[in-house]
Amino acid sequence: MAGKWHVPYAVLFLTNSCNLCCSYCFAGKTGLESMSLKTGRKTIDWLYKNTEGFHEDPLIVSFFGGEPLLRFSLLRQLVEYSKLQEDRYGKRMIFSVTTNGTLLNTAMLDFFEEHNISVLFSIDGDKATNDRFRMYKDGSSPFETIYNNALRLLERFPNIAARMTVTKETIPVLASNIRFLNEELGFRFISPCTALEQIDDHESWRVFDRQCRAAAVYVTEKAMVNDYVHLHFLDNGIEQITSNHEVDVACGAGKTFVGVDVEGSIYPCHRFVSYTGSDRTKFRLGSVYDGIDPAKTLPFRRYDRHHILGCYTRCEECPAKNFCAGGCIALHQEINGLFTMPLLQQQKLMNIWYNICIETIEWFKQAGRYDFLMEQITMKPKSFMPLND
């Protein structure tokens, strides 16, 4: 088993630097400031060589940071370098980038279009929400720049996704921020990502439930006029329920994708690069220079829903048992010190989303719009694709 491990997807930290200082950011300073061209090329080589003899095609690289567009010249060089390797290895490589949107310019957009690079755009909602946590280092607001660049980006790439971080403080405006991103900016694909470890009281969960339901109602309202707003938790959840698929893992960390830090060290995912503090060395799987120690990958490759230690109850007793698979293992490691032990909040989150998905499916059936729903949830950008093994 150890000798057969390979991975087709890597998240590359081009830099640890960022021009913003978002208070909730999990990315931290780890080693060097930025990745070198040598290490970047070595990472591309490693991905191709690591998957030789296996069927995965295309391979996937996501540029990450920090703010990866601070190193746009490196990004460009790595994409161009990968194209030179495609014929040699007989496989393609596709790319995505996660950005705060402040540095986008015409040259970048032209390059993204030329090479079919997908963009995940980090924005939390309206100006008041965004400015609460996402500011320049001098304390000034980047929102006007983010707003204008989002409009420019969407004009050329209408199907890019917005990634919005939902904190305990912004739960009360979750639904209105989804409406803002859709109606004011034009995002059709929105991925609300919950800062789960912050939600530690009953009232916050009650408001979160109400806000997620309001967001689902907004989706149904748009559907009545033959429009559809894609919410990540709703689309993926509905697809999972209607296909009767039991999820074994919440994501493919250490199974189907890895994180590569600026020095070329390989970790189970991008969050393990920054999250695990003093345990970073413990979870280092190898490097793009020296290769992987297959034995170190075994705990992650073996991990599935049967190894989850449980939240409030054992998984078999949970109504959402076929819907969950435990959540983010890097976050569990950071908070609980054990990646097989989900946060207590995980069960709350999954049961809320599960019930909303069930109720939304029923609404579409009663409204005679079920076929429309099934057609829409299959239309996902790459940033919406599940990473499940």
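See the structure above.
Below: a short report on this structure. Everything numeric in this text was worked out from a predicted model, so none of it was measured.

### Let's talk about the overall build of the protein chain
- Along its length, the protein chain carries 13 helices and eleven strands.
- Computed over C-alpha atoms, the radius of gyration of the protein chain comes to 20 Å, within 12% of the 21 Å expected from 2.2 N^0.38 for 389 residues, which places it in the range of a compact globule.
- Overall size of the protein chain, expressed as C-alpha extent along the three principal axes, is 55 × 50 × 40 Å.
- Here the protein chain holds 389 residues, and 57% of them are scored as buried.
- Put simply, the protein chain shows about 16700 Å² of open surface, and 50% of that area lies on carbon and sulfur atoms.

### As for helix H6 (residues 174-185)
- Here H6 contains twelve residues, and its C-alpha end-to-end distance of 16 Å stays within 8% of the 16 Å for a straight helix at 1.5 Å per residue.
- Of the positions making up H6, those classed as buried are Leu 174, Ala 175, Asn 177, Ile 178, Phe 180, Leu 181, Asn 182 and Leu 185.
- Tucked inside the fold, the buried residues of H6 contact helix H4 (127-133), helix H5 (143-156), strand S5 (161-166), strand S6 (189-194), helix H7 (202-223) and strand S7 (230-231).

### So, unusual backbone geometry
- Cis geometry marks the peptide bond from Asp 57 to Pro 58, where omega comes out at 10°.
- Residue position: Pro 58 is located in the loop between helix H1 (37-50) and strand S2 (59-64).
- The omega angle of the peptide bond from Gly 65 to Gly 66 is 25°, so this bond is cis rather than trans.
- Tracing the sequence through the fold places Gly 66 in the loop between S2 and helix H2 (72-89).
- Backbone geometry places Asn 116, a non-glycine residue, at a positive phi of 55°.
- Among the secondary structure elements, Asn 116 is positioned in the loop between helix H3 (106-114) and strand S4 (118-122).
- Despite not being glycine, Ala 325 shows a phi value in the positive range, around 70°.
- Tracing the sequence through the fold places Ala 325 in the loop between helix H10 (294-302) and helix H11 (329-336).

### Quick look at the environment of Leu 234
- Positionally, Leu 234 belongs in helix H8 (residues 232-242).
- On the basis of relative accessible area, Leu 234 is assigned to the buried category, the value being 0%.
- In sequence terms Leu 234 and Arg 152 are 82 residues apart; their C-alpha atoms lie 27 Å from each other.
- Beyond its immediate chain neighbours, meaning those up to four positions away, Leu 234 contacts Ala 216, Val 219, Ile 356, Cys 357 and Thr 360.

### Examining the sheet that holds strand S8 (residues 257-260)
- Taken in spatial order, the eleven strands line up as S7-S6-S5-S4-S3-S2-S1-S8-S9-S10-S11 in an open sheet, and their pairing is mixed. Two strands in the sheet have a free side with no partner beyond their single neighbour: S7 and strand S11 (291-292).
- Judged from the two bridges that link them, S6 and S7 form a sheet pairing that is parallel. Opposite Ile 190, over in S7, you have Leu 231 as the bridge partner.
- Contacting S5, S6 and S7, H6 crosses the sheet at an angle of about 160° to S5.

### Some points on empty space enclosed by the protein
- Tallied over the entire structure, the rule returns two cavities of 30 Å³ or more.
- Of the voids in this model, the largest cavity is the one considered here, and its volume is about 130 Å³.
- Lining the largest cavity are 16 residues; nearest its centre among them are Cys 311, Cys 315, Cys 318, Lys 321 and Cys 324.
- Class assignment of the residues belonging to the lining of the largest cavity gives a composition of eight nonpolar, five polar and three charged.
- Space inside the second largest cavity adds up to approximately 60 Å³.
- Every residue along the wall of the second largest cavity is listed here: Val 249, Ala 250, Cys 251, Ala 253, Lys 255, Phe 300, Tyr 303, Gly 327 and Ile 329.
- Looking at the lining of the second largest cavity residue by residue, the class counts come to seven nonpolar, one polar and one charged.

### Structural notes on the packing of H7 against helix H12 (residues 345-366)
- The geometry of H7 relative to H12 is characterised by a closest axis approach of 10 Å and an angle of 25° between their N-to-C directions. With respect to each other, H7 and H12 are oriented roughly parallel. Between H7 and H12 lies a crossing of right-handed hand. The residues of H12 that touch H7, namely those facing His 202, Trp 205, Phe 208, Asp 209, Cys 212, Arg 213, Ala 216, Thr 220 and Ala 223, are Gln 345, Lys 348, Leu 349, Ile 352, Trp 353, Asn 355, Ile 356, Glu 359, Thr 360, Trp 363 and Phe 364.
- Its residues assigned to classes, the contact of H7 with H12 comprises eleven nonpolar, five polar and four charged.

### Let's talk about the pairing of S6
- For S6, a buried count of five out of six residues is recorded, marking the element as mostly surrounded by other parts of the structure.
- Bridge count for S5 against S6 is six bridges, and the pairing is parallel. Looking across to S6, one finds that Val 166 is bridged to Thr 194.
- As for the winding sense of the linkage, the β-α-β connection from S5 through H6 to S6 is right-handed.

Thresholds, definitions, all that
Residues numbered from 1 in each chain as written. Predicted model: local features only at pLDDT ≥ 70, side-chain atom pairs only at ≥ 80, totals over all residues. Heavy atoms only, no water. Helix = DSSP H or I, 4+ residues; strand = E, 2+ residues; numbered from the N terminus. Rg over C-alpha atoms; globule rule 2.2 N^0.38 Å. Buried < 20%, exposed > 50% of the residue type's maximum accessible area, 1.4 Å probe, protein only. Areas by Shrake-Rupley, 256 points an atom, 1.4 Å probe, with all protein chains shown as cover. Expected span 1.5 Å × (residues − 1). Contact = heavy atoms within 4.5 Å. Pairing = 2+ DSSP bridges. Axes fitted to C-alpha atoms, helices over the stretch in contact; angles between N-to-C directions. 1 Å grid on protein atoms, 1.4 Å probe; cavity = no way out; pocket = protein on both sides within 12 Å on 5 of 7 lines; lining within 4 Å. Points joined across faces, edges and corners; volume = space filled by probe spheres on them. Nonpolar A, V, L, I, M, F, W, Y, C, P; charged D, E, K, R; others polar. Parallel < 35°, antiparallel > 145°, perpendicular 65-115°, else oblique. Left-handed = near helix turned anticlockwise from the far one by under 90°. Right-handed = clockwise from strand over helix to strand, strands pointing away.

Functional significance is not addressed by these values, which are geometric in nature.
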